[in-house]
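# Fold and contact review
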Amino acid sequence: MWLMLGYRFLLFKIGRFVKSEIMSVRAIAVHMSPVHSYFDEPVQVIVRGLLPKQTVTLIARLKDDKAIIFQSSAVHQATENGEVDLNCSPSLGGTYTGVEPMGLFWSLTPLATHHKLTRWDASRPLLVDIEVVSNERAGLVLAKMTHQRRFMKEGVQRVVVTDGGLRGTLFIPPGDLYCDLYLIKIIINKNQFALISR
């Protein structure tokens, strides 16, 4: 009896070791298309290299210009091919549920209350860190990558304008010209004009 129990325990430990080795050998990776995107562009997110039917948590995180951290999460189960495609894989829990291709982005929530996303300089992209975390081994990060969400297209010039009581930002694209300025209480979002100037 004790010999049988010892044999079963040994098989259990070997099974866990083999599974762990398979996980370490498999090239688990986050694939995002496009590699860099504009803030108003959709992004395709696919995780490949998981075990069939493996459950993982995807976490998105960014820090704004006020050092406020925004975070979102989604629990997904991989397909038989070991993939999680946000275009068709439903979130089973987290900051949103169901099939939401851009859910990790629009559900980003500040960890500090009563804060909105702040980006003072539209020439700098927002850096969104994406992590794939194991649901079986708490805290184990299986894969991660950083995605850039840009406001300005390459070639667009950003010029800060100050003249008396006039303050504004001038975006000079290769073609048409757009100007964002504000006087006293009139404020227009500079990031929106940076996107338009593409």
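Presented here is a report on the structure given in the accompanying data block. In this text, all values refer to a predicted model and were calculated from it rather than measured experimentally.

### Comments concerning the nonpolar core
Among the nonpolar cores identified, the biggest contains 27 residues, and Val 30, Val 45, Val 47, Leu 50, Leu 58 and Val 132 are the most heavily contacted of them. Taken together, the elements giving at least two residues each to this core come down to strand S1 (29–33), strand S3 (44–48), strand S4 (55–63), strand S5 (69–77), helix H2 (103–106), strand S8 (126–134) and strand S9 (141–150). Counting 6 residues, the second largest nonpolar core, distinct from the first, contains Phe 151, Met 152, Val 156 and Phe 171.

### Brief notes about the pairing of S1
Only one face of S1 is covered, namely the face carrying Val 30 and Met 32; the face carrying Ala 29, His 31 and Ser 33 is uncovered. Direction of pairing for S1 relative to S3: antiparallel, over a ladder of 5 bridges. Each bridged residue has a counterpart across the sheet, and for Val 30 the counterpart in S3 is Val 47.

### Focus on the sheet that holds S8
Taken in spatial order, the 6 strands make up an open sheet running S2-S9-S8-S4-S5-S7, and their pairing is mixed. The two strands at the open ends of the sheet, each matched to only one other strand, are strand S2 (36–38) and strand S7 (109–110). Bridge analysis of S2 against S9 gives 3 bridges, and the strand direction is parallel. Pairing of His 36 across the sheet is with Gln 148, part of S9.

### A closer look at the packing of aromatic side chains
Aromatic rings considered in pairs are described by the distance between their centres and by the relative angle of their planes. The final tally for this structure, using the stated rule, is 2 aromatic pairs. Between Tyr 96 and Trp 106, the aromatic rings sit 5.9 Å apart at their centres with planes inclined by 50°, giving tilted as the arrangement. Taken together, the residues span a long stretch of sequence, with Tyr 96 in the loop between strand S6 (84–85) and H2 and Trp 106 in helix H2 at a distance of 10 residues. Residue classification places Tyr 96 among the buried residues on the basis of a relative accessible area of 5%. On the basis of relative accessibility, which here comes to 52%, the residue Trp 106 falls in the exposed class. Over the ring of Phe 39 we find Arg 149; its NZ or CZ atom is 5.7 Å from the centre of that ring. Across from the ring centre of Phe 105, 5.0 Å away, lies the NZ or CZ of Arg 149, which sits over that ring.

### Looking at unusual backbone geometry
The omega torsion across Ser 33 and Pro 34 is 0°, close enough to zero to call that bond cis. Relative to the helices and strands, Pro 34 resides in the loop between S1 and S2. The phi angle at Lys 53 is positive, at roughly 65°, despite the residue not being glycine. Inspection of the secondary structure puts Lys 53 in the loop between S3 and S4. You can call Lys 53 partly exposed: its relative accessible area is 43%.

Criteria and thresholds
Residues numbered from 1 in each chain as written. Predicted model: local features only at pLDDT ≥ 70, side-chain atom pairs only at ≥ 80, totals over all residues. Heavy atoms only, no water. Core = buried A, V, L, I, M, F, W, Y, C linked by side-chain atoms within 4.5 Å. Buried < 20%, exposed > 50% of the residue type's maximum accessible area, 1.4 Å probe, protein only. Helix = DSSP H or I, 4+ residues; strand = E, 2+ residues; numbered from the N terminus. Pairing = 2+ DSSP bridges. Phe/Tyr/Trp six-rings, centres within 6.5 Å; stacked < 30°, edge-to-face > 60°. Lys NZ or Arg CZ within 6 Å of the ring centre and 35° of its normal.

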